[in-house]
Amino acid sequence: MGTLRPISYGQIAELLNGIAERFYWNKIMEGDNVVGLRQGKQSVTLEPGGQLELSGAPLETLHQTYFEIYSHLCQVEAVAGKMEIGFLGIGFQPKWEDKDIPLIPKERSGIMAKYLYKQGSLARDVCRRASTVQVNLDFSSELDMIRKFRASLALQPIATALFANSPFTKGKPNGYLSMRSHAWTDFDKNRTGMIPFVFDDSFGFERYIDYALDVPMFCVYRREKYIDCGGMSFRDFMEGKLPNLPGEFPTLNDWENHLTEIYPEVRLKKYLEMRGADAGPLTMLCALPAFWVGLLYDEVSLQNVLEMIADWTPEERQMLRDKVPNTGLNTPFQGGLVKDVAESVIKWAKDGLERRGLEESVYLNGLAEVVSTGMTPAEKLLQMYHEKWAQNVDPVFEELRY
C-alpha cells in the first residue's frame, strides 16, 4: 500500500493461497498457477489486469447479498492486510498506465488480449484498468425475459450515471465521470453496445442466439489446452468446419463459454446480467442489486419502466449510452435531464422493494443521496481532488480502499 503500485501476479498468488488456506476455498489451477478460488456456488476469479472478481451464489434476498459481499471483503482484507496490499473500489485505475499493470498468466486471457487489442483502441484499458460491479437476475419465461431485458437495457445508461465512479486517468481528471463506461465504446464493436434488436417485435431467445452465433470467437478448450480461434465463426464450428479444429463439433460447454465472451450492456445467459455500473464502495456494491431487484422483480415497477421507455427511440437510447459517461445525471434528455429519469426509477425501485416486505429498501440510501444532491460518486471525487486533495490523486487510494 505504501507505493500505491499495482501488485504482481506473485503477490496475487500469495493472496489467493492465503485465502484458500485460511477460509477453506478450493484453488482453481492453470498448470502451476493458481488463477481463482471456488467454494460451493461462489467463485473468485482474476480479470486480465489482476482485478479480483467475486461471483456470488444465487440468493433470495438483498440481505444475503450484503452478507456475502461483506464476508468476501473481510476475508480478502484479513490476508491482504498482512501483506500490506489494499484493494480499491473504483471503476478505472486512477494513477497507473496499462504498461504498469502485468497481465495475469492465464492462457485464455492472453488469447483474448491478442485478438481484442486489434479491435479497439481502448480494449487494453478495459482489460487491464477497468473494474465493474454487476448483478445477475433470473426470469420465469421467454416473455418475462423480453420485458426485463428491454427495461434494463433502456435504463442501463441511467445506472451508469448513478454509479459513475471513474473520473481519473494517469493521476489527472480524464474528462469523464465514468471512464470505464467510455472505454467500452471502443473495445470491440462486434460484441458490445446497446443491441437495438432487443426492442424489435420479433425478439426472443432465438434472435439472441442468432446474434451470439455471429459474434467472433476467442478460443476453444480441448485436451486441457486453449486453442486460439480468434475471429472465427461459431456457425462454422456448429458445422464442424472450424479451421483450427476441423471435424470437431461444439459441446454445450463451448456454447456457454462463447456466451461469456459477448459484452453488451445487458447480457443474456441463463439469467440477465446488468453491466453498466462502475465498481465502488460497499454501499454502492449493494445498491446495484437493490436498484434492479426493485425495478425488475416487482410487476408494478417493471410496468412503470416499460411504459416510460415505450417512446424512446433507438437514437435516443444510443445517445444516452454515448453521452452519459461524460455528463452523467446532467445529460439532456427529452426536455429534461437524466437526473429526472433517475429520480423516477429510484422511487419505483424503492416502492418495488417495499412491496417485497423484506425491509430491503435501506440498500437504496446511497442512490437516494446521489439524486438528492445531484452529485455522482465521480463528481464527489473530483470535488475532493480540486479542494481537499490539492489536485493530487493519491488520496483516492485511501478514500476508496475496502
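Residues numbered from 1 in each chain as written. Predicted model: local features only at pLDDT ≥ 70, side-chain atom pairs only at ≥ 80, totals over all residues. Heavy atoms only, no water.

What exactly am I supposed to notice about the overall build of the protein chain here?
Each helix and strand counted, the protein chain has 16 helices and 15 strands in total. A compact globule built from 402 residues should have a C-alpha radius of gyration of about 21 Å, and the protein chain, at 21 Å, falls within 12% of that. For the protein chain, the C-alpha atoms occupy an extent of roughly 55 × 55 × 40 Å along the three principal directions. Within the protein chain, buried positions represent 52% of all 402 residues. Contacts in the protein chain between residues at least 24 apart in sequence constitute 69% of all its contacts with a sequence separation of at least 6. When the accessible surface of the protein chain is split by element, carbon and sulfur atoms take 50% of a total near 17,900 Å². A gap of 4 Å separates the mean positions of the 44 positive and 55 negative side-chain charges of the protein chain. (Helix = DSSP H or I, 4+ residues; strand = E, 2+ residues; numbered from the N terminus. Rg over C-alpha atoms; globule rule 2.2 N^0.38 Å. Buried < 20%, exposed > 50% of the residue type's maximum accessible area, 1.4 Å probe, protein only. Contact = heavy atoms within 4.5 Å. Areas by Shrake-Rupley, 256 points an atom, 1.4 Å probe, with all protein chains shown as cover. Lys, Arg positive; Asp, Glu negative; His and termini not counted. Charge placed at Lys NZ, Arg CZ, Asp CG, Glu CD.)

How should the environment of Leu245 be read in this particular structure?
You can see Leu245 is positioned in the loop between α8 (234-238) and α9 (252-259). Once the C-alpha coordinates of Leu245 and Phe92 are considered, the two residues, 153 residues apart in sequence, prove to be 37 Å apart. Beyond its immediate chain neighbours, meaning those up to four positions away, Leu245 contacts Val220, Arg222, Arg223, Ile227 and Phe237.

Would you mind going over the pattern of salt bridges with me for this structure?
Between side chains of opposite charge, pairing is possible as soon as their charged atoms come close. Enumeration according to the criterion identifies 29 salt bridges in this entry. A salt bridge links Asp125 to Arg129; the shortest N-O distance between them is 2.6 Å. With a gap of four residues between them, Asp125 and Arg129 both fall in helix α4 (residues 123-129), about one helical turn apart. You can call Asp125 buried: its relative accessible area is 9%. (Salt bridge = Lys/Arg side-chain N within 4 Å of Asp/Glu carboxyl O.)

Explanation requested: the packing of helix α5 (residues 142-162) against helix α11 (residues 299-309) in the structure shown.
Between two packed helices, what matters for the description is the angle formed by their axes and the separation of those axes. The N-to-C vectors of α5 and α11 enclose an angle of 60°; their axes lie 10 Å apart at closest approach. Put simply, α5 runs oblique to α11. As for how α5 packs across α11, the hand of that crossing is left-handed. Between α5, through Arg147, Lys148, Arg150, Ala151, Ala154 and Leu155, and α11, the contact on the second element is made entirely by Glu299, Leu302, Gln303, Val305, Leu306, Met308 and Ile309. Across the contact of α5 with α11, the residue classes break down as eight nonpolar, one polar and four charged. (Axes fitted to C-alpha atoms, helices over the stretch in contact; angles between N-to-C directions. Parallel < 35°, antiparallel > 145°, perpendicular 65-115°, else oblique. Left-handed = near helix turned anticlockwise from the far one by under 90°. Nonpolar A, V, L, I, M, F, W, Y, C, P; charged D, E, K, R; others polar.)

Looking at this structure, I do not really get the pairing of strand β4 (residues 52-55). What am I missing?
Each regular strand displays side chains that alternate between the two surfaces of the sheet. Relative to β4, strand β3 (residues 42-46) runs antiparallel, the two being bridged by four bridges. Paired with Leu46 across the strands is Leu52, a residue of β4. Between the antiparallel neighbours β3 and β4 lie five residues, among them Gly50 with a positive phi of about 90°. (Pairing = 2+ DSSP bridges.)

So what exactly am I meant to see when it comes to the packing of α5 against helix α13 (residues 338-356) here?
In contact at an axis separation of 10 Å, α5 and α13 are set at 100° when each is read in the N-to-C sense. Taken together, the axes of α5 and α13 lie roughly perpendicular to each other. Of α13, the residues touching α5 (which contributes Leu155, Ile158, Ala161 and Leu162) are Val338, Val341, Ala342, Val345 and Ile346. For the contact of α5 with α13, the per-class residue count stands at nine nonpolar, no polar and no charged.

Would you explain the side chain of Arg128 in this entry?
By secondary structure assignment, the location of Arg128 is in helix α4. Among the polar contacts listed, one links the side chain of Arg128 to the backbone oxygen of Asp98, at a separation of 3.5 Å. Look past the residues within four positions of Arg128 in its chain and what remains in contact with it is Gly49, Gln51, Asp98, Ile101, Pro102, Leu103 and Tyr117. (Polar contact = N/O pair within 3.5 Å; in protein donor to acceptor, adjacent residues only side chain to side chain.)

What's the story with the sheet that holds β4 in this structure? I'm lost.
What links the strands of a sheet is backbone hydrogen bonding, and the strands pair in either a parallel or an antiparallel sense. What the four strands build is an open sheet, ordered β1-β2-β3-β4; its pairing is antiparallel. The sheet is open, and its two borders are formed by β1 (26-30) and β4, each paired with just one other strand. In this sheet, adjacent strand axes meet at a mean angle of 25° when their direction is disregarded. Its contacts with the sheet put helix α1 (residues 9-23) on β1, β2 (33-39), β3 and β4, and the angle it makes with β2 is roughly 30°.

Looking at this structure, I do not really get the sheet that holds strand β12 (residues 266-268). What am I missing?
Spatial strand order, β5-β13-β12: three strands in an open sheet with antiparallel pairing. Looking at strand neighbours, the two that pair on one side only are β5 (132-137) and β12, the edges of this open sheet. Sheet twist, expressed as the mean angle between neighbouring strand axes with direction ignored, is 20°. Where β12 meets strand β13 (residues 272-278), three bridges bridge the pair, whose relative direction is antiparallel. The residue bridging Leu268 from the neighbouring strand is Leu272, located in β13. Helix-sheet contacts for helix α10 (residues 282-296) involve β5 and β13, and the interaxial angle to β5 is about 30°.

Please clarify how the environment of Met319 should be interpreted in this entry.
Within the fold, Met319 resides in helix α12 (residues 314-327). For the pair Met319 and Pro157, spaced 162 residues apart in sequence, the C-alpha to C-alpha distance is 9.5 Å.

Would you mind showing me how to read the pairing of β5 here?
A one-sided burial pattern is seen for β5, the buried positions being Val133, Val135 and Leu137 and the unburied ones Thr132, Gln134 and Asn136. Relative to β13, β5 runs antiparallel, the two being bridged by five bridges. For Asn136, the partnering residue across the bridge sits in β13 and is Glu273.

Would you mind going over the side chain of Arg222 with me for this structure?
Tracing the sequence through the fold places Arg222 in strand β9 (residues 219-222). Residue classification places Arg222 among the buried positions, given a relative accessible area of 12%. With residues up to four places along the chain from it excluded, the contact list for Arg222 reads Ile227, Phe237, Leu245, Glu248, Phe249, Pro250, Thr251 and Asp254.

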